[in-house]
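Per-entry structural report
Residue strings, one per chain:
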Amino acid sequence: MADRHLIDVHVLLTRDDRLLLTRRGGNNEFAGRWHMPSGKLDAGESITMAAAREAFEEVGVTINPTDFRVVHITHVAGSGPEPRLGVFLHAARWLGEPTNREPEKCLALDWFPVDQLHTVDVIEYPAVGIQAFLAGDSVSFSEHGWPVPATV
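Here's what I pulled together on the structure shown here. Keep in mind the model is a prediction, meaning the values are calculated, not measured.

So, the overall build of the protein chain
The secondary structure content of the protein chain amounts to two helices and seven strands. Secondary structure elements in the protein chain, listed N-terminal to C-terminal, are β-β-β-β-α-β-β-β-α. Taken across its 152 residues, the protein chain has 47% of its residues classed as buried. Of the contacts made within the protein chain by residues no fewer than 6 positions apart, 70% connect residues no fewer than 24 positions apart. Accessible area of the protein chain: about 8200 Å², with a carbon and sulfur share of 51%.

Structure below.
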């Protein structure tokens with residue numbers, strides 16, 4: 001097992017009881033399966049700043065980092081070569097209309113009714129966060145020592 005842990009952010013965007021999911025491209029075991037906008041923290045980045053950056057890079061929406069609500073945190077092994085800490089953040093508001101900005105990595109994006117998600121082939125790791133979000137689990141979270149982000 002690797003001697004470091006990655007930190008992933010996962011962005012849950014909802015509209016009218018639907019959740020936005022992205023379909024993975026590539027040729028690994030996750031290709032063709034559904035996920036959500038996500039990615040790893042960059043150096044010098046807070047959790048919410050990374051989530052806002054990933055949402056913009058992958059689906060072209062602008063989210064004020066203060067508009068995120070952490071809904072679940074999970075420590076995962078076996079979903080890639082290195083263990084990871086996954087932070088799932090919900091945003092109920094944003095600017096822009098989601099579009100596929102990474103067609104080389106993403107085959108499609110679509111809105112799925114939350115009551116039908118059990119029928120969608122979602123990758124197991126993000127499915128944990130989605131299930132916690134739908135169950136209404138609450139998570140305590142704070143950031144300390146990061147610059148205050150500019151508002152949108």
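We are not done yet, so read on.
What to know about the pattern of salt bridges
For the structure shown, the criterion picks out nine salt bridges. In this structure, aspartate 42 engages arginine 53 in a salt bridge whose closest nitrogen and oxygen atoms are separated by 3.5 Å. One end of the pair, aspartate 42, is in the loop between strand S4 (38–40) and helix H1 (47–59); the other, arginine 53, is in helix H1, and 11 residues separate them in sequence. Classification of aspartate 42 as partly exposed rests on a relative accessible area of 42%. With its nearest N and O atoms 2.6 Å apart, the salt bridge here joins glutamate 45 to arginine 53. Comparing glutamate 45 with arginine 53 shows no difference in burial state: the two are buried. A network of salt bridges, in which partner residues are shared, links Asp42, Glu45, Arg53, Glu54 and Glu57.

Quick notes on the pairing of strand S1 (residues 6–15)
For S1, the buried fraction is high: eight of the 10 residues fall into the buried class. Pairing between S1 and strand S6 (residues 84–91): eight bridges, direction parallel. The partner of valine 11 across the bridge, within S6, is leucine 89. The sheet contact formed by S1 and S4 spans three bridges and is antiparallel.

Rules used throughout
Residues numbered from 1 in each chain as written. Predicted model: local features only at pLDDT ≥ 70, side-chain atom pairs only at ≥ 80, totals over all residues. Heavy atoms only, no water. Helix = DSSP H or I, 4+ residues; strand = E, 2+ residues; numbered from the N terminus. Buried < 20%, exposed > 50% of the residue type's maximum accessible area, 1.4 Å probe, protein only. Contact = heavy atoms within 4.5 Å. Areas by Shrake-Rupley, 256 points an atom, 1.4 Å probe, with all protein chains shown as cover. Salt bridge = Lys/Arg side-chain N within 4 Å of Asp/Glu carboxyl O. Pairing = 2+ DSSP bridges.

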